[in-house]
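Coordinate analysis (summary)
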Amino acid sequence: MAQPASGRPRSLLASGLQLALLLLIAVAMLVPLFWLVSTSLKGPAENIFTTPPALLPSQPSLEAYQRLFADNPMLGYIRNSAIVSGLAVLANLLFCSLAAYPLARMRFAGRGLVLALVVATILIPFQVVMIPLYLLMVQLGLRNTLWALIIPQAATAFGIFLLRQSFAGVPVELEEAARIDGCTPLGEWWNVMIPAARADLITLAMFVFIGTWSDFLWPLVILDDPNLYTLPLGLQQLASSFSLDWRLVAAGAVVSILPVLALFIGLQRYILPSASGDAVKG
């Protein structure tokens, strides 16, 4: 049945308002990023606090980026952050998927209680467990090491819950077919569940990477050696009590954003609704 003519203008108006709202949100998100990049590209003789503000640099220069890498161990900060974030992502994908599989597919006493306790830990602020975690790292002899940043992030309650929900949606017939082919429970996890949950695994990897890459509080507490500083701690060193060059700070912020932006652009095409067809193809 054709849509009434009176309903069509309303539909167009609703679509237009929705588009306008999305454009407004996009502009609100992009303007601070544009301002950050513009500030980092302004020349040393250019005033960055003009009234009205200058959105575009009148004397574009890469001088701030040159000084950023020449006068600061930025490559070391980036290396430390990459090591911590990369290992945290790998550990989460492994441990969270191994923990989520029995919670989703196996039957055992107390399964619901275990899942409830795991989900409940999401509500506990990190500040509550920070001191006990610090004492534990000291007792293990891991204070002032990169392992002290990696181990607390090796598995997350959010990751377990996310993958549990993903595994629970996989058709049981796929497991039965794998079992007929002689797969063990570990084989079913690897050959059926992992391919079927690819999109959720990539989503978890992005969440863990972004959270670990941008973490400031825990590295500040557990690290004293400047050679082990991650990128957020390194950027904090750019702001001293004697001088503050906003061009340098802006350049450092842009450098810290680029890996996250590249990761999102590179992986967004893989973030599709989980399809059991992936497991069938595997």
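Residues numbered from 1 in each chain as written. Predicted model: local features only at pLDDT ≥ 70, side-chain atom pairs only at ≥ 80, totals over all residues. Heavy atoms only, no water.

Considering the overall build of the protein chain
The helix and strand inventory of the protein chain stands at 14 helices and zero strands. Secondary structure elements of the protein chain occur, N-terminal to C-terminal, as α-α-α-α-α-α-α-α-α-α-α-α-α-α. A principal-axis box enclosing the C-alpha atoms of the protein chain has dimensions of 75 × 75 × 35 Å. Put simply, the protein chain has 282 residues, and 35% of those count as buried. The long-range share in the protein chain, meaning contacts at least 24 apart out of those at least 6 apart in sequence, stands at 74%. Summing over all exposed atoms, the protein chain offers an accessible surface of approximately 16700 Å²; the carbon and sulfur share of this is 71%. (Helix = DSSP H or I, 4+ residues; strand = E, 2+ residues; numbered from the N terminus. Buried < 20%, exposed > 50% of the residue type's maximum accessible area, 1.4 Å probe, protein only. Contact = heavy atoms within 4.5 Å. Areas by Shrake-Rupley, 256 points an atom, 1.4 Å probe, with all protein chains shown as cover.)

Regarding the pattern of salt bridges
Across all of its chains, the model carries six salt bridges by this definition. Taking the shortest distance from any N to any O, the salt bridge between E63 and R67 comes out at 2.4 Å. One end of the pair is E63 and the other is R67, both in helix α2 (residues 63–71) and four residues apart, which spans about a single turn. Its relative accessible area of 23% is what places R67 among the partly exposed residues. Residues D224 and R143 are paired through a salt bridge, measuring 2.2 Å at the closest nitrogen-oxygen approach. Here D224 is found in the loop between α11 (217–222) and α12 (231–236), whereas its partner R143 is found in the loop between α5 (126–139) and α6 (147–150), with 81 residues between them in sequence. (Salt bridge = Lys/Arg side-chain N within 4 Å of Asp/Glu carboxyl O.)

A look at the packing of helix α10 (residues 198–213) against helix α13 (residues 246–267)
Interaxial distance between α10 and α13 falls to 11 Å at its minimum, and their mutual angle equals 180 degrees. In terms of orientation, α10 and α13 fall into the roughly antiparallel class. In contact with I202, M206, F209, I210 and W213 of α10, α13 contributes S256, P259, V260, L263, F264 and L267. (Axes fitted to C-alpha atoms, helices over the stretch in contact; angles between N-to-C directions. Parallel < 35°, antiparallel > 145°, perpendicular 65-115°, else oblique.)

Overview of the packing of aromatic side chains
With the rule as written, the count across this model stands at five aromatic pairs. Ring centres of Y101 and F167 lie 6.5 Å apart, and the angle between their planes is 80 degrees; this geometry places the pair in the edge-to-face category. Taken together, the residues span a long stretch of sequence, with Y101 in helix α3 (residues 74–105) and F167 in helix α7 (residues 157–168) at a distance of 66 residues. We note that Y101, like F167, is buried. One Lys or Arg, K42, reaches over the ring of W35 and ends 5.0 Å from the middle of that ring. (Phe/Tyr/Trp six-rings, centres within 6.5 Å; stacked < 30°, edge-to-face > 60°. Lys NZ or Arg CZ within 6 Å of the ring centre and 35° of its normal.)

Here's the deal with the side chain of D200
Within the secondary structure layout, D200 lies in helix α10. Of the side chains with opposite charge, R198 comes closest to the buried, unpaired D200, at an N-O distance of 9.6 Å. (Lys, Arg positive; Asp, Glu negative; His and termini not counted.)

Description of unusual backbone geometry
Excluding glycine, most residues fall at negative phi; most peptide bonds, likewise, are trans. Positive phi, close to 65 degrees, is recorded for N144, a residue that is not glycine. If you trace the backbone, N144 turns up in the loop between α5 and α6. Given a relative accessible area of 23%, N144 falls into the partly exposed group.

A closer look at α7
Under the 1.5 Å per step criterion, the end-to-end length of α7 is 16 Å for 12 residues, consistent within 8% with the ideal 16 Å. Along α7, the positions that sit buried rather than exposed are A157, G159, I160, L162, L163, R164, S166 and F167. (Expected span 1.5 Å × (residues − 1).)

Some thoughts on the confidence of the model for the protein chain
In the predicted model, the protein chain carries a mean pLDDT of 88, and 92% of its residues have values of at least 70. Looking at the elements of the protein chain, mean pLDDT is at its lowest for helix α14 (residues 276–281), recorded as 45, and at its highest for α6, recorded as 96. Confidence over residues 274–282 falls short of pLDDT 50; this stretch has 18 contacts with residues more than four positions distant or in other chains. (pLDDT = per-residue confidence, 0-100.)

Thoughts on the environment of A178
Assignment of secondary structure puts A178 in helix α8 (residues 172–180). Under the relative-accessibility criterion, A178 is labelled buried at 9%. Each C-alpha atom of the pair A178 and W189 lies 9.9 Å from the other, and the pair is 11 residues apart in sequence. Excluding residues within four positions of it along the chain, A178 makes contact with C183, E188 and V192.

Points about the environment of G169
Position of G169 relative to the elements: it lies in the loop between α7 and α8. G169 sits in the exposed class, given a relative accessible area of 59%. In sequence terms G169 and R247 are 78 residues apart; their C-alpha atoms lie 49 Å from each other.

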